[in-house]
Amino acid sequence: MSKISIIIPVYNVEKYIRECLDSILQQSYTEIEVIAVDDCGDDGSMAIVEEYAQNDHRVVVVQQEKNMGPMVAREVGYNKAKGDYIFFCDSDDILPKNALELLYKEAIKSNADIVIGNMSSIEMDGSVRLWKKEQLIHGTDRISVYKSLFEGGINHNLCAKLFKKKLLTDYTYTTIPNMRNGEDAMLFYQIVDNCEKVVCIDEPIYNYIQHMSSSSHIRVSDENIEKMILWRCFLYNNIVKKYHEIEHLGYSATIRVISSIWYQYPYYSSRKLVDLLRKNNISQLFTINQVYKRLGIKGVFSTYFVASMKYI
């Protein structure tokens, strides 16, 4: 039986880490190791993790010298992993009891590089909501997976997915320290670039816990807005341009996401945004002619964005 390594970046989650660890250690699939990476918070999270490690040999604690954010913490974690498969879990979320078993059985049956399950959200009032059914609309190969990502068939979260370890340890990926918005997506798109086969199972295998300290409830800093834009520039330059089969979809997604960032965070300087796009060699995408040519009527909002940029 193969072992699954669960990677958990730990940072200021003392209210939630017990429930997270309990949900993992009580899984029906028991051949696991839990790698808790200390991202150097200032609360009692790691004291709780150390307590679990003393009582269960499957819990491994990895210390970092300073806070580097979840992207670096995950990289540290999977490079320490001894399992054949990698599963990522946020330290304030929980797993249904049979989550790992369902993913593992499908991985063995299909020999897929990645197995994707459905995610549910546990709202602050205790209600449970299924995010959506994950679907590979076009197929299971790399290009088809990218198409499903760009069209919204599957999400780009790292959680709720089981990865063959070699996908993470046999390749070098670009990581950005202290990136806290879009870090999942930046890594996932890079991982898919090394995949041969990805499959989905129609089962809820991950519970995202909504609370006031969730990222969706926190004002995003200018630095993190810039990192969100940077990863979209990275995606376009390093993935989209590489495959002509997804170029149109990737273009549309790049325009749509960056223009929505501009709309969602009006306090961020438009001048800084334009300079960032120029610096990353994608400002040429943002012309009215290009938007109309490639997106047509669907690009109306983006055209407004492009027109606004013109006068900066």
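Here's a quick rundown of the structure. If you're wondering where the values come from, they're calculated on a predicted model, not measured in any experiment. (Residues numbered from 1 in each chain as written. Predicted model: local features only at pLDDT ≥ 70, side-chain atom pairs only at ≥ 80, totals over all residues. Heavy atoms only, no water.)

**Describing the overall build of the protein chain**
- Counting its secondary structure elements, the protein chain contains 12 helices and eight strands.
- Nonlocal contacts in the protein chain, meaning residues at least 24 apart in sequence, comprise 78% of its contacts between residues at least 6 apart.
- For the protein chain, the computed accessible surface area is about 14300 Å², with 49% contributed by carbon and sulfur atoms. (Helix = DSSP H or I, 4+ residues; strand = E, 2+ residues; numbered from the N terminus. Contact = heavy atoms within 4.5 Å. Areas by Shrake-Rupley, 256 points an atom, 1.4 Å probe, with all protein chains shown as cover.)

**Side note on the environment of asparagine 237**
- Following the sequence through the fold, asparagine 237 ends up in helix 8 (residues 222-238).
- What asparagine 237 contacts, discounting residues up to four positions off in sequence, is Asn280, Asn281 and Ile282.
- One polar contact links the side chain of asparagine 237 to the main-chain carbonyl oxygen of asparagine 280, over a distance of 3.0 Å. (Polar contact = N/O pair within 3.5 Å; in protein donor to acceptor, adjacent residues only side chain to side chain.)

**Things to note about the environment of serine 23**
- Mapped onto the elements of the fold, serine 23 is located in helix 1 (residues 17-25).
- Since its relative accessible area comes to 12%, serine 23 is described here as buried.
- Excluding residues that lie within four positions of it along the chain, serine 23 makes contacts with Ile94 and Leu95.
- A polar contact is formed between the side chain of serine 23 and the backbone oxygen of cysteine 20, at a distance of 2.8 Å. (Buried < 20%, exposed > 50% of the residue type's maximum accessible area, 1.4 Å probe, protein only.)

**Focus on the pattern of salt bridges**
- Per the counting criterion, the structure on display carries 18 salt bridges.
- The salt bridge partner of lysine 272 is glutamate 226, with a shortest N-O separation of 3.5 Å. With lysine 272 in helix 10 (residues 270-279) and glutamate 226 in helix 8, this pair connects stretches of sequence that are 46 residues apart. (Salt bridge = Lys/Arg side-chain N within 4 Å of Asp/Glu carboxyl O.)

**What to know about the pairing of strand 1 (residues 4-10)**
- Most of strand 1 is tucked away, with seven of its seven residues classed as buried.
- Side chains of strand 1 alternate between two faces, with Ile4, Ile6, Ile8 and Val10 and Ser5, Ile7 and Pro9 buried alike.
- Note that strand 1 and strand 2 (residues 32-38) share seven bridges and pair parallel. Residue pairing in the sheet places isoleucine 7 in a bridge with isoleucine 35 of strand 2.
- Since strand 1 and strand 2 lie parallel, the crossover through helix 1 that links them has a hand, and here it is right-handed. (Pairing = 2+ DSSP bridges. Right-handed = clockwise from strand over helix to strand, strands pointing away.)

**Here we look at the packing of aromatic side chains**
- Following the criterion strictly, the structure yields 13 aromatic pairs and no others.
- Between tyrosine 146 and tyrosine 243, the aromatic rings sit 6.0 Å apart at their centres with planes inclined by 40°, giving tilted as the arrangement. On the criterion of sequence distance, the pair formed by tyrosine 146 in helix 5 (residues 142-151) and tyrosine 243 in the loop between helix 8 and helix 9 (247-264) is long-range, its members being 97 residues apart.
- On the basis of relative accessible area, tyrosine 243 is assigned to the buried category, the value being 11%.
- Three or more aromatic residues link up through ring pairs in this structure, and these residues are Tyr146, Phe150, Tyr189, Trp231 and Tyr243.
- Lysine 161 extends its terminal NZ or CZ atom over the ring of phenylalanine 188, reaching a point 5.0 Å from the ring centre.
- Against the face of tyrosine 11 rests arginine 180, its NZ or CZ located 5.4 Å from the ring centre. (Phe/Tyr/Trp six-rings, centres within 6.5 Å; stacked < 30°, edge-to-face > 60°. Lys NZ or Arg CZ within 6 Å of the ring centre and 35° of its normal.)

**A look at helix 5**
- The buried fraction of helix 5 is high, at seven of 10 residues.
- Among the residues of helix 5, Ile143, Ser144, Val145, Tyr146, Ser148, Leu149 and Phe150 are the ones counted as buried.
- Its buried side turned inward, helix 5 meets helix 7 (183-192), strand 8 (198-209), helix 8 and helix 9.

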